[in-house]
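Chain by chain, the residues run as shown.
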Protein chains: 2
Amino acid sequence: MEGKGISKAVISRLPRYFRYLGQLRDDGVERISSHELSERMKVTASQIRQDFNNFGGFGQQGYGYNVQYLYDEIGKILGLHKTHRLIVIGAGNLGQALTNYVDFEKRGFIIQGIFDCNERLHGRKIRDRTILSMDEMEDFVKDNDIDIGVLTLPKEAALKVAEQLISYGIKAIWNFAHIDLHLPSDIIVENVHLSDSLMQLSYNLNRHEL
Amino acid sequence: MEGKGISKAVISRLPRYFRYLGQLRDDGVERISSHELSERMKVTASQIRQDFNNFGGFGQQGYGYNVQYLYDEIGKILGLHKTHRLIVIGAGNLGQALTNYVDFEKRGFIIQGIFDCNERLHGRKIRDRTILSMDEMEDFVKDNDIDIGVLTLPKEAALKVAEQLISYGIKAIWNFAHIDLHLPSDIIVENVHLSDSLMQLSYNLNRHEL
């Protein structure tokens, strides 16, 4: 029903609304008008109303939106009322950093396990997770009902591991490997290409200097 | 001259072209048609030609683009022919991971220093960089001609540190703190909001399950 045919651009803005509304709620704000929200977020009030209309408008009244309600509703649209179980593949610096990052858990993203092909890392602990071998991955995914695989490994290994994970039943890949994964269309892939981000920064810096 | 008024969408695609062309070059491919490139990249050939036309078209002939030339030209547009000097502020897991990541250096992004407010970390080494105190930041930025600050610190501290960096002459911020930084318009800000990315993944997973 709601959410059908919503554009990628709208979807990409939802986490930001969620973030601002969470801050407002933490600050004790109970209601906010689209005008006030627009000033805080540096987007137009009309953009906000248009975005929200994709989901039925969230009952804006003359006196504004109910912050807690709007926060909860956007959270539900983002699937944050559910718990997601993740594993990290690649226990290098980035994999360890993500595993150590506790804020994901507050949003319901629980990193259940961490895997690496390097034998010397096996048995070492990241928080209370023991780094496991790749051979243990299949049973772990099935036994723990893992739904998201996080790839923090070299690009050469990423596609093979992604395909393994899919064969074990994983539905989504959060990909930090520096490669585009061409996977079956029913698999959700979200990429974080850090080098691409740095190159965009460099482009803008370079333009600015000319 | 070139690059004026180029849309954000085009700019966001440039790093991806650069990545694919680098791979082609490494594979020994000398020429490629927009049609072949489009098949590899899963975008239309017309999109590729339109994107490239923003920069004069790169001399596509009947027999395709020269891969090395195109790679070099896009690299120049991205400012990758220059060396950028970075500091990382926040020596937690993510700051350490970025400092340890050697691939950035290959693209000319040299992480010169790493800073943290936690005294217990001062003097510790990440690769051959010693973690320094925040008091040492101003002199370091000026003495080493730093142009990019990388923020891997809690959101509460991010704005204050960004403003400090700008006062020391830094022109660009690569921001990993979970907050939008509203800074003067001549400062380049590139955000990597990991939680936002994870929420988009969650949205798509949730939609998919309905």
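Look up a bit, the structure's there.
Calculation notes
- Within every chain, residues take consecutive numbers counted from 1 along the sequence as written.
- Both sets of labels track the order of writing: A upward for chains, 1 upward for ligands.
- pLDDT decides what is reported in this predicted model: residues at 70 or higher carry local features, side-chain atom pairs at 80 or more are listed and counted, and totals for whole chains, interfaces and linings draw on all residues regardless.
- With hydrogens and water stripped out, all remaining heavy atoms of the structure feed into the side-chain values.
- The copies are overlaid by a least-squares fit using only the C-alpha atoms of residues whose pLDDT is at least 70 in both copies.
- Note on contacts: a residue pair is in contact if any heavy atoms of the two residues lie within 4.5 Å.
- Strand pairing is assigned whenever DSSP detects at least two bridges linking the two strands.
- Helix and strand definitions follow DSSP, with helices as H or I runs of at least four residues and strands as E runs of at least two, each counted in order from the N terminus.
- Helix axes are fitted only over the stretch in contact, all axes being lines through C-alpha atoms; the angle between N-to-C directions runs from 0 to 180 degrees.
- Think of it in three bands: residues with accessible area under 20% of the maximum for their type are buried, residues over 50% are exposed, and the middle band is partly exposed, with areas taken using a 1.4 Å probe on protein chains only.
- When the centres of two rings from Phe, Tyr and Trp lie within 6.5 Å, Trp using its six-membered ring, the rings pair. Their planes under 30 degrees apart give stacked, over 60 give edge-to-face, and anything left gives tilted.
- Only when the NZ atom of a Lys or the CZ atom of an Arg is both within 6 Å of the ring centre and within 35 degrees of the ring normal do we say a charge sits over the ring.
- As used here, the arc belongs to the directions running from the helix axis to the C-beta atoms.

A. Representation of the relation of the copies chain A and chain B in the model. After a rotation of 180° and a shift along the axis of 0.0 Å, chain A superposes on chain B with an RMSD of 0.0 Å. Given the turn and translation reported, the copies of this chain are related as if by a two-fold rotation axis. A share of 100% of the interface residues of chain A reappears at the interface of chain B, consistent with the copies meeting face to face through the same patch.

B. Structural context of the sheet that holds strand S6 (residues 129-132) of chain B. Read from one edge to the other, the open sheet built from seven strands follows the order S5-S6-S4-S3-S7-S8-S9 (chain B), with strand pairing classed as mixed. A strand with exactly one partner marks an edge of an open sheet, and here the two such strands are strand S5 (125-126) and strand S9 (188-191) of chain B. Judged from the two bridges that link them, S5(B) and S6(B) form a sheet pairing that is antiparallel. Residue pairing across strands places Ile126(B) opposite Arg129(B), the latter belonging to S6(B). With respect to the sheet, helix H9 (residues 194-209) of chain A is in contact with strand S3 (84-89), strand S4 (109-115), strand S7 (148-151), strand S8 (172-175) and S9 of chain B, its orientation differing from that of S9(B) by roughly 170°. Set on the sheet, helix H8 (residues 155-167) of chain B makes contact with S3, S7 and S8 of chain B; between it and S7(B) the angle comes to about 170°.

C. Local environment of the pairing of S4(B). Residues and elements named next belong to chain B. Most of S4 is tucked away, with five of its seven residues classed as buried. Here S3 runs beside S4; their pairing, made up of six bridges, is parallel. Note that in S4 the partner of Leu86 across the bridge is Ile111. As paired elements, S4 and S6 share two bridges and run parallel to each other. Note that in S6 the partner of Phe115 across the bridge is Leu132.

D. Layout of the packing of aromatic side chains. Residue and element names in this part refer to chain A. Taken as a whole and judged by the stated rule, the model has 14 aromatic pairs over all chains. Measuring from centroid to centroid gives 5.3 Å for Phe52 and Tyr65, while their planes differ by 80°, and the two rings are edge-to-face. Separated by 13 residues along the polypeptide, Phe52 in helix H3 (residues 45-53) and Tyr65 in strand S2 (residues 65-66) bring together distant segments of the chain. Here the two residues Phe52 and Tyr65 agree in accessibility, since each one is buried. Here the aromatic residues Tyr101, Phe104, Trp174 and Phe176 are joined through ring pairs into a cluster of three or more. The ring of Tyr71 carries the charged tip of Arg25 above its face, separated from the ring centre by 4.3 Å.

E. Just the sheet that holds strand S9 (residues 188-191) of chain A, in detail. In space, the seven strands of this open sheet follow the order S5-S6-S4-S3-S7-S8-S9 (chain A), with mixed pairing throughout. Since the sheet does not close on itself, it has two edges, and those belong to strand S5 (125-126) and S9 of chain A, each with one partner. Most of the contacts of helix H8 (residues 155-167) of chain A go to strand S7 (residues 148-151) of chain A, to which it runs at about 170°, and overall it touches strand S3 (84-89), S7 and strand S8 (172-175) of chain A. Helix H9 (residues 194-209) of chain B rests against S3, strand S4 (109-115), S7, S8 and S9 of chain A of the sheet, and its axis sits at about 170° to S9(A).

F. Focus on the environment of Val141(A). Residue and element names in this part refer to chain A. Following the sequence through the fold, Val141 ends up in helix H7 (residues 137-143). On the basis of relative accessibility, which here comes to 2%, the residue Val141 falls in the buried class. For the pair Val141 and Ile170, spaced 29 residues apart in sequence, the C-alpha to C-alpha distance is 7.7 Å. With near-sequence residues (within four places) excluded, Val141 lies in contact with Ile87, Ile146, Leu165, Tyr168 and Ile170.

G. Quick look at helix H2 (residues 34-41) of chain B. Residues and elements named next belong to chain B. Within H2, burial applies to Ser34, Leu37, Ser38 and Met41. Angularly, the buried residues of H2 cover 100° about the axis, an arc narrow enough to put them on a single face. On its buried face, H2 is in contact with helix H1 (8-26), strand S1 (31-32), helix H3 (45-53) and strand S2 (65-66). One or two steps after H2, the chain reaches Lys42, where phi turns positive at roughly 55°.

H. The arrangement of the environment of Ala172(A) in detail. Inspection of the secondary structure assignment puts Ala172(A) in strand S8. C-alpha separation for the pair Ala172(A) and Glu190(A), spaced 18 residues apart in sequence, amounts to 8.0 Å. In this view, Ala172(A) contacts Asp147(A), Ile148(A), Gly149(A), Ile188(A), Leu201(B) and Leu205(B); residues no more than four positions away in its chain are not counted.

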